[in-house]
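Reading the structure
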Amino acid sequence: MADIEFTRTETLTREETAKLLVSLADALTADNGHAKLVLGDTHVELHVPERVQTEVEVEVDGNEVELEIELSWSLREPRHTKQAAARAAK
């Protein structure tokens, strides 16, 4: 079970959907990897590392199309990053 989970489902216009995707892209490219997401009346702040696992799935089933974009990453610092930081500190 997740420590925290937030889900928001709503019907938007194509333009509103594009604006949502742009705002997510802007948040992901923010300085120092600190993403501030505004999802309706909810604000979520996340730390996003340089490398993100990305999955894009398109499914067409009869008259229905589903496009999923999933981003995931670990909250643990990768081992090679820790080692590089230790070398830089010497």
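In this text the structure is predicted, and so the values were computed from the model without any measurement.

Once that is clear, we can look at the overall build of the chain. For the chain, the helix and strand inventory stands at 2 helices and 4 strands. In sequence order, the secondary structure elements of the chain are arranged as α-β-β-β-β-α. Of the contacts formed within the chain by residues at least 6 apart in sequence, a portion of 18% connects residues at least 24 apart.

Moving on to the pairing of strand E4 (residues 64–72). Note that strand E3 (residues 53–61) and E4 share 9 bridges and pair antiparallel. Within E4, the position partnered with Glu-57 by the bridge is Glu-68. The turn linking E3 back onto E4 is made up of 2 residues, and Gly-62 within it adopts a positive phi angle of 65 degrees.

Further remarks concern the nonpolar core. One finds Ala-27, Ala-35, Leu-37, Leu-39 and Val-48 forming the largest nonpolar core, which totals 5 residues. In terms of residue count, the dominant contributor to this core is strand E1 (residues 34–39) (3 residues). When neighbours within four sequence positions are excluded, Leu-37 is seen to be in contact with Leu-24, Ala-27, Thr-42, His-43, Val-44 and Leu-46.

Inspection of the secondary structure assignment puts Glu-45 in strand E2 (residues 42–47). Separated by 10 residues in the primary sequence, Glu-45 and Ala-35 place their C-alpha atoms 5.6 Å from one another.

What follows is about the pairing of E1. Alternating positions in E1 separate cleanly, Ala-35, Leu-37 and Leu-39 being buried on one face and His-34, Lys-36 and Val-38 remaining unburied on the opposite face. Where E1 meets E2, 6 bridges bridge the pair, whose relative direction is antiparallel. In the strand pairing of E2, Leu-39 is matched with Thr-42.

Criteria and cut-off values
- Residue positions are counted from 1 within each chain, in the order its sequence is given.
- Where totals are concerned, whole chains, interfaces and linings use all residues; where local detail is concerned, this predicted model gives features only for residues with pLDDT of at least 70, and gives and counts side-chain atom pairs only at 80 or more.
- To obtain the side-chain values, all non-hydrogen atoms of the structure were used and water was disregarded.
- In this text, helices come from DSSP runs of H or I with a minimum length of four residues, and strands from runs of E with a minimum of two, each type numbered from the N-terminal end.
- Residue contacts are defined here by distance: any two heavy atoms, one from each residue, within 4.5 Å place the two residues in contact.
- Criterion used throughout: strands pair if DSSP finds at least two bridges between them.
- Buried Ala, Val, Leu, Ile, Met, Phe, Trp, Tyr and Cys residues that are joined via side-chain atoms within 4.5 Å together make up what is termed a nonpolar core.
- Note on exposure labels: buried denotes an accessible area under 20% of the residue type's maximum, exposed denotes more than 50%, and partly exposed covers the range between, all computed with a 1.4 Å probe on protein chains only.

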